[in-house]
Amino acid sequence: MKRPLGAGYWKLWSASVITNLGDGMSIVAYPWLASAVTRDPVHIALIGVATKLPWLLFSLPAGVITDRVDRRRLIAVMDWFRAALTLAVAVAVLLGQSVIPDPVDVAAGTADPPAVAGLYLALLYISALLLGSAEVLRDNAAQTLMPALVATEDLEIANGRLWGAEMVSNSFVGTPLGGILAGIALSLPFFVDAGSFAIAAGLVFAIGGSFRAVGTEARAGMRAELAEGLRWLWRHVLLRNLAVFLGLANALSTMAFATYVLFAQENLGLDAGGFGVVMTGLAVGGVAGSLAAARLSRLLGPGASLFMSLGGSALGYVLVAVTDQPWVVWLMMAATTFLAMVWNVITVSLRQTIIPDRLLGRVNSVYRFFGWGMMPIGGAAGGAVVVLAELLGWGRDAALRAPFWVAAAGYALLFLAALPRLGTEKIEKARREAADQPT
């Protein structure tokens, strides 16, 4: 008989679903706005870098903060902050909407970027950095909150249900709706995104109880606390390897999609609505992966499931690189997101199971420093690959495909490197050792 996951879990679930609806719209709205004010692949890539740069800069102190404060309150405060900031962006876009051209017209050469392009680029860079910084604190706290709401043996199911619902809300509903709204008025997706953050903050505040880390009454300095989390992760060979593999995989994926909005417009010929529809592949794959991950882990073993994720992603990026058909890109987005979700459900649930609660925030932040801190590096590399390919005379079409080729090769190498380092027996051994440790 299945156990209920509890009211606290479902409030967190609801908050995440609502914020992801707005985030799905922003996935279309932010790059679409950027492509209206610049066609430079370096700028497009660097705006994405700005969103992920806080994972490199702030992940480590975020872990210490998470272990020092009420994790529920931290999540809610960050959602309020993101609501206020996104509302400010929405107002700025609304005020300047009359001078911002349609990106499709800019791509076709029938319109030029606006004279105030520099102001909007600055707005995008600043908001990306601030939103990314809030995301670091919010997401790290959310992952450390989950084990306090759900029993250990239910974590894979709880995480799978949460991420599956997030993917439906984000990519299956949010992205096409964002494309439709952006086609009506570019400011509309930003206003809806701001509202979603505000509602989510209220839901998280409604979760009853105190959610401070246990066993941390006596505080050392921030540097000492951070060093403790770093040492714990580095001495755990399996988690250290997983962190490194995640970092390299995220760098490759971010590189591949750093200039994706230009690839979609110029190589696939998509407008805002079509861009949003193709992005629904993320939802289909993500939902399927989140629902199948626990079962695949039991059927194939967690190690084989992780190998499948790396090897299958390599093939997916090859197919994106060679096609000019939007439906093929949709299928590959679904497939690679399915595989990524399988990886996430298995590895995040493993971390939540084996890391002691008093260290969970810090070790999680160190893990994500390696795993997510590589994303801005990958984003910058994506823009550089396109520019280099153009300098080599490949032409614009081939240059915008080049990051997908590099990502495919990188994933193939990761698959080969993972074979001797990851495996079901290593994962099960880590779980047994954690269960034997005193709480």
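Above: the structure in question.
Here's a quick rundown of the structure. (Residues numbered from 1 in each chain as written. Predicted model: local features only at pLDDT ≥ 70, side-chain atom pairs only at ≥ 80, totals over all residues. Heavy atoms only, no water.)

### Quick notes on the overall build of the protein chain
Piece 1. Within the protein chain one finds 16 helices and zero strands.
Piece 2. Counting every position in the protein chain, which comprises 439 residues, the buried fraction comes to 56%.
Piece 3. If you take every contact in the protein chain between residues at least 6 apart in sequence, the share linking residues at least 24 apart comes to 89%.
Piece 4. Accessible area for the protein chain stands at about 17400 Å²; split by element, carbon and sulfur atoms hold 68% of it. (Helix = DSSP H or I, 4+ residues; strand = E, 2+ residues; numbered from the N terminus. Buried < 20%, exposed > 50% of the residue type's maximum accessible area, 1.4 Å probe, protein only. Contact = heavy atoms within 4.5 Å. Areas by Shrake-Rupley, 256 points an atom, 1.4 Å probe, with all protein chains shown as cover.)

### Some details on helix α10 (residues 260–267)
Piece 1. Of all eight residues in α10, seven are buried, a share of seventy percent or more.
Piece 2. Where α10 is concerned, the buried positions are Y260, V261, L262, F263, A264, Q265 and N267.
Piece 3. Positive backbone phi, approximately 70°, marks G269, located one or two places after α10.

### Things to note about the side chain of S253
Piece 1. Structurally, S253 can be placed in helix α9 (residues 237–257).
Piece 2. Exposure remark for S253: the relative accessible area of 18% places this residue in the buried category.
Piece 3. Of note is the side chain of S253, whose polar atom sits 2.7 Å from the side chain of Y411.
Piece 4. If we ignore the near neighbours within four places in the chain, the residues touching S253 are Y317 and Y411. (Polar contact = N/O pair within 3.5 Å; in protein donor to acceptor, adjacent residues only side chain to side chain.)

### Brief notes about the environment of T38
Piece 1. Here T38 shows up in the loop between α1 (7–37) and α2 (41–68).
Piece 2. Spatially, the C-alpha atoms of T38 and G311 are 35 Å apart, while their sequence positions differ by 273 residues.
Piece 3. Residues in contact with T38, not counting those within four places in the same chain, are H43, I44 and L121.

### Some details on the pattern of salt bridges
Piece 1. Within this structure, the stated rule accounts for eight salt bridges.
Piece 2. A salt bridge links R82 to D79, with the nearest nitrogen and oxygen atoms 2.8 Å apart. Separated by three residues within a single helix, R82 and D79 lie in helix α3 (residues 71–96), roughly one turn from each other.
Piece 3. Assessed through its relative accessible area of 6%, R82 is described here as buried. (Salt bridge = Lys/Arg side-chain N within 4 Å of Asp/Glu carboxyl O.)

### Brief notes about the environment of F257
Piece 1. Within the secondary structure, F257 is located in helix α9.
Piece 2. Take F257: its relative accessible area is 29%, and that puts it in the partly exposed class.
Piece 3. Distance in space between the C-alpha atoms of F257 and L233 is 30 Å, their sequence separation being 24 residues.
Piece 4. Apart from the residues within four sequence positions on either side, F257 is in contact with Y317, M333 and F404.

### Quick look at the nonpolar core
Burial of nonpolar side chains together is a common tendency in soluble globular proteins.
Piece 1. Among the nonpolar cores identified, the biggest contains 87 residues, and L242, Y260 and L422 are the most heavily contacted of them.
Piece 2. Considering each element in turn, this core owes the most residues, eleven residues, to helix α13 (residues 326–354).
Piece 3. What L422 contacts, discounting residues up to four positions off in sequence, is L238, N241, L242, F245, L306, F307 and W343. (Core = buried A, V, L, I, M, F, W, Y, C linked by side-chain atoms within 4.5 Å.)

### Observations concerning the packing of aromatic side chains
Piece 1. Evaluation of the coordinates by the stated rule reveals 14 aromatic pairs.
Piece 2. Residues F257 and F404 carry aromatic rings whose centres are separated by 5.5 Å and whose planes lie at 90° to one another, so their mutual orientation is edge-to-face. Of this pair, F257 sits in helix α9 while F404 sits in helix α15 (residues 396–418); the two residues are 147 residues apart in sequence, bridging distant segments of the chain.
Piece 3. Pairwise contacts between aromatic rings join W32, F257, Y260, F263, F275, Y317, F404 and Y411 into one cluster.
Piece 4. Across from the ring centre of Y367, 4.0 Å away, lies the NZ or CZ of R351, which sits over that ring. (Phe/Tyr/Trp six-rings, centres within 6.5 Å; stacked < 30°, edge-to-face > 60°. Lys NZ or Arg CZ within 6 Å of the ring centre and 35° of its normal.)

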